[in-house]
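Listed below, chain by chain, are the residues.
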Protein chains: 2
Amino acid sequence: MRPPRSWSAETDVVVVGSGFAAFVAASIARGRGCGVVMLEADDEVGGMMRISSGEYWVPNNPQMRAAGIADPKEDCLRLMARLSYPSRYDPNSSTLGIPARTYRMFETYYDVASVATEELNEIGAMGSVFSDGVTPDAVFNPQGHIEYHSELPENKVEYGRAMMADTGGIHGPGQGQATVDLLYAHSQRAGIEVRTGHRVEQAFVNAAGEVVGVAASTALGTVTVRARKAVIFASGGFFHDEELRTQMLRGTVWGVTAPKTNTGVFLRIAQQLGAMTENIDSVWWGQMAVEEVRETHRSDSMAFWLYGDSMVLVNRHGVRVVNEKAHYNERGRIHTVYDATTKAYENTVLFQVYDDALAKNPEMGVKYPVPYPGQPWDLVISGDTWEELAEAIDERLAKLAGETGGLRLAPDFAANLAGTVARFNTFAESGHDEDFGRGTAPGERGYSVLGLTRGVNRTMYPFASTGPYHAILIGAAAFDTNGGPSINERAQVIDSNAEPIPGLYGAGNCVGSPGHGAYWSGGATLGNALVWAYQAGVYAAAEPVKEA
Amino acid sequence: MRPPRSWSAETDVVVVGSGFAAFVAASIARGRGCGVVMLEADDEVGGMMRISSGEYWVPNNPQMRAAGIADPKEDCLRLMARLSYPSRYDPNSSTLGIPARTYRMFETYYDVASVATEELNEIGAMGSVFSDGVTPDAVFNPQGHIEYHSELPENKVEYGRAMMADTGGIHGPGQGQATVDLLYAHSQRAGIEVRTGHRVEQAFVNAAGEVVGVAASTALGTVTVRARKAVIFASGGFFHDEELRTQMLRGTVWGVTAPKTNTGVFLRIAQQLGAMTENIDSVWWGQMAVEEVRETHRSDSMAFWLYGDSMVLVNRHGVRVVNEKAHYNERGRIHTVYDATTKAYENTVLFQVYDDALAKNPEMGVKYPVPYPGQPWDLVISGDTWEELAEAIDERLAKLAGETGGLRLAPDFAANLAGTVARFNTFAESGHDEDFGRGTAPGERGYSVLGLTRGVNRTMYPFASTGPYHAILIGAAAFDTNGGPSINERAQVIDSNAEPIPGLYGAGNCVGSPGHGAYWSGGATLGNALVWAYQAGVYAAAEPVKEA
């Protein structure tokens, strides 16, 4: 749309959104001398960062170097390539078997992430420290949790890449909000104008095809803001647009942690401006309790790791289909597997099944969706025997039939489940899961910090031989979508000839993640937000002033 | 790009491509009085239709009605919705649980397909007849093969929806070329100008934002063609652009039947013009022999149905992962399943394993990639025992390591394979595949027309107890990609607000298939080409003349 004759406001750089990427981009542009206005659709700032545990993945960061942890570039790029394109990865190729543009972006990520944390610290926006954690043996470790993929030969670093803001807090719930508080406070000190309740709906393009501002709807009408240099979108994904979600994603993704304002405004605007898109079928995967989110499609909770040792996740045939202790982003994808015989997504709903000893285990920590002992939650389905449990589950499924393509338990569920549990019990006794390797990788043990006191392999323990037994309906969920308009190394939005759309930048979950859906380790989501927001801030600040 | 000052040529409607969709659109527009120029990048006309078996899926078609086969609209829409959105389908919803825009397009498909065949017949372009075939009992049937999904309760029609051009030929190899010949002959009678060697690379847009022509590169330089009314793209998918293929598709898709000219020109052009895209992660799935296509990424052959009864398809652990007789589009997707424990696409390569009796079976017919007895093909790997076979397969895999992410056989392959075959043999004896239901659905038996004389369930027969045994490396393949710019009911390309881009139409595999990747039955690919090309021809012809 052509620019208006007069503007409601004018600045150098407009940043759309107020999550982590938005604040980083705004801080960097401001630090480099630009006037900055941030426009947030919601009534409060922070976006999804409000509920994040707040860590970002920064290879070869200053703290690692100070601690003597080597993280050479070529090794790190190998890991990223291996995880992002598992079937293309070729250690003998000059671009490791992945597309040249992607390879360059991985190089940029490695080069820039560390620099970004340093500049944010220097300008007083946000210091960074190691994101603390525990080792696979559950010993506190100030250098953080172990890398998610430490068992892969391509991963040469065990600890230290995960960082978090120096808030005085710890890695976990609350750290995201504390980071938002820190960045918001800096924005106010630095003179960044932060407007909430401004839902950006359009971008303005001048006669030269340059993006020169936006229009936002507010409670008091439409506001137009001129951006003399550039507009940076950091407005989150598209999950809460039901049609986009249905068209772009396969199977059913039941819920998301992203706020309701994440309706894909940037995808729509950027496509109208001629942007290329990528990774559009992808999300940052996880799992949620189907019944918690089936109506709202939103939760603050996520089954990062499925709780429990005497616990299995089974399909409608009562058969295990995945390593229950795999990382959330790896595990969540199992729900999208298509069955060639039934011509359906048979894993749309899976069943987290556990025994009564687990239900009554008093240990605290993140058990979601398993409730604490005595905490009532009607999504827990119980039965004294496998047969009774099966009947109760199937009754529940019947109620959901209109949302699942009519999914019901197979007649062999109870019998198979008994067999599945018997086989699992032998694995728990030996400590060796012959089917899915559960608990083998240090990365799995390092995050399954509950249930410490039982079992050879602490991720597995035999089920009690008698009931009651319990089950919860589990489905695919997302932190946010991570596909969208393509960006280049400078975080410029590009068209299908890889030419930048002048004046338009993107970062965070509103753009197509260069990692092709891979979760390089804890902090990969915010790490991408950090890197591309930093690039957007740097290059937006260096843009010439445009005619409006 | 703005229009040139002068044009090389001028017409009412420009059609890009010369496959089935292109000829249908051109014929319809010409039949309604328009001047039409077709621009084909290749040196010969026909696109992928040249190697097609030439059937198109037309619900409630005139021949069905004449034969008294009822195909009510509401039943047909239920089948389409069930197959396209298996986990969203809701028979009690007014739009069957699928997005409203998609529902309207399914209605359009049902309403228009039959009308399109009639108009093409009336204008002398192409008559349509039943696509002949055989029943599941291998008896010749003039009304065609059985519907692919006849076992689903939503499918109410067994025979008759599949039609083909009245060429005098039969459904099978050669029928696609015969159809091209028919349509090309009509184009010449009707005065449609067909230019080969014209690779369209750009579209021109006037000051009002309307598409008014294209530029094509030729051996003699660039040619510009003004389209007074509209431009219709029917230029095929994007498989042969390696970067697009790598970014958009998951895992490895080894080869395609689409011609080398299918490099996604329309995806690039339409995105620059602000088009929305959909179904972009999808292809019309199939399987090919990895070693045949690993260098060229192209083959005329496709493993429509995996040949043989004493045959299984196993993964690197020697375990079956799919119903080997499932339809190609259902079966091919198994290669893209992601393994949460190994963090890799473990099914990038699977192994079609069969015994020597099968290798020596003299029956003729489509066995690809299994060669006829005595026909040498070095992609067949053989061993006298399971251990020897395993060693030989693993040696072959080692050579491909740079293209597969280093995929090798697991140490348990040979032992597991022996067990897999033993279990399969019991299924073959009983006729009942307890793991994958092989050969249960009439649609599977109806297309596995070879190996008729053995076994209770003719899709299974016990393996010989002694070797030699044989194996072929099998990977995912595609007829063509089927994602791209979104179209509406009139085949107008739309932007992300569902507003048409004026003067721009699309049909065939260059657009996002409204079916969301589902293969409703044999002829679904050409059926979509027919319907949306017809709509494009009708509405392009009705467009006003535009300023250039």
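Procedures and definitions
Residues numbered from 1 in each chain as written. Chains lettered and ligands numbered in written order. Predicted model: local features only at pLDDT ≥ 70, side-chain atom pairs only at ≥ 80, totals over all residues. Heavy atoms only, no water. Least-squares fit on C-alpha atoms with pLDDT ≥ 70 in both. Contact = heavy atoms within 4.5 Å. Salt bridge = Lys/Arg side-chain N within 4 Å of Asp/Glu carboxyl O. Helix = DSSP H or I, 4+ residues; strand = E, 2+ residues; numbered from the N terminus. Nonpolar A, V, L, I, M, F, W, Y, C, P; charged D, E, K, R; others polar. Pairing = 2+ DSSP bridges. Axes fitted to C-alpha atoms, helices over the stretch in contact; angles between N-to-C directions. Phe/Tyr/Trp six-rings, centres within 6.5 Å; stacked < 30°, edge-to-face > 60°. Buried < 20%, exposed > 50% of the residue type's maximum accessible area, 1.4 Å probe, protein only. Lys NZ or Arg CZ within 6 Å of the ring centre and 35° of its normal. Polar contact = N/O pair within 3.5 Å; in protein donor to acceptor, adjacent residues only side chain to side chain. Domains from an automatic or database assignment. Buried area = accessible area lost by both parts, 1.4 Å probe.

### Notes on the relation of the copies chain B and chain A
- Superposing chain B onto chain A takes a rotation of 180° plus a shift of 0.0 Å along the axis, which leaves an RMSD of 0.0 Å. Taken together, the rotation and translation describe the operation of a two-fold axis. In terms of proximity to the rotation axis, the leading residue of chain B is B:G274, whose C-alpha is 2.2 Å off the axis.
- Comparing interface residues between copies, 100% of those in chain B also sit at the interface in chain A, which points to an isologous, same-surface contact.

### Focus on the interface of chain B and chain A
- Across the boundary between the two partners, chain B contributes 63 residues, which contact 63 residues of chain A.
- Along the contact surface separating chain B from chain A lie eight salt bridges.
- Of all the secondary structure elements, the ones that give two or more residues to the side of chain B that touches chain A are α3 (73–84), α4 (100–122), α6 (242–248), α7 (265–272), β13 (277–278), α9 (328–331) and α12 (401–404) of chain B.
- Top contributing element to the side of chain B that touches chain A by residue count: α6(B), with six residues.
- Its residues placed into classes, the side of chain B that touches chain A shows 21 nonpolar, 25 polar and 17 charged.

### Remarks on the sheet that holds strand β4 (residues 128–130) of chain B
All names here are of chain B.
- Taking strand neighbours across the sheet as the criterion, the three strands line up as β3-β7-β4 in an open arrangement whose pairing is antiparallel. Each of the sheet's edge strands pairs with one partner strand only, and the pair in question is β3 (55–57) and β4. Averaged over all pairs of adjacent strands, the angle between strand axes in this sheet comes to 45°, irrespective of strand direction.
- Note: β4 against strand β7 (residues 162–165), three bridges, orientation antiparallel. Bridged to F130 within β7 is M163.

### Thoughts on the packing of aromatic side chains
- One pass over the full model with this rule turns up 48 aromatic pairs over all chains.
- Measuring from centroid to centroid gives 5.9 Å for A:F424 and A:F463, while their planes differ by 85°, and the two rings are edge-to-face. Here A:F463 lies in the loop between α14 (442–445) and β18 (469–481) and A:F424 lies in helix α13 (residues 413–430), a separation of 39 residues in the sequence. Here A:F424 matches A:F463 in class, with each residue buried.
- Summarising the aromatic geometry, the rings of B:Y338 and B:Y345 are spaced 5.5 Å apart at their centres and angled 70° between planes, so their arrangement reads as edge-to-face.
- In this structure, A:R245 is placed above the aromatic ring of A:F239, and the distance from its NZ or CZ to the ring centre is 4.5 Å.

### Section: the environment of A:S217
Residues and elements named next belong to chain A.
- On the secondary structure map, S217 appears in strand β10 (residues 211–218).
- C-alpha of S217 to C-alpha of R199: the two residues are 18 residues apart in sequence and 5.1 Å apart in space.
- Beyond its immediate stretch of four places on either side in the chain, S217 contacts G197, H198, R199, E201 and T222.
- Among the polar contacts listed, one links the side chain of S217 to the side chain of E201, at a separation of 3.3 Å.

### Some points on the domain arrangement of chain A
All names here are of chain A.
- Here the domain parsing of chain A yields domain 1 (9–279 + 482–541) and domain 2 (286–477).
- Placing the centre of domain 1 and that of domain 2 at their C-alpha centroids yields a distance of 32 Å.
- Contacts between the two partners involve 30 residues from domain 1 and, on the opposite side, 35 residues from domain 2.
- Both faces combined, the contact of domain 1 with domain 2 buries some 2,500 Å², and carbon together with sulfur accounts for 60% of it.
- When residues of domain 1 are sorted by the area they lose upon contact with domain 2, P136, Y148 and W254 head the list and together hold 32% of the total.

### Some details on the side chain of B:E543
Residues and elements named next belong to chain B.
- Locating E543 in the fold gives a position in the segment after α15 (524–541).
- Residue classification places E543 among the buried residues on the basis of a relative accessible area of 13%.
- Polar side-chain contacts of E543 include one of 2.6 Å to the side chain of Y505.
- One polar contact links E543 to K546, side chain to side chain, over a distance of 2.5 Å.

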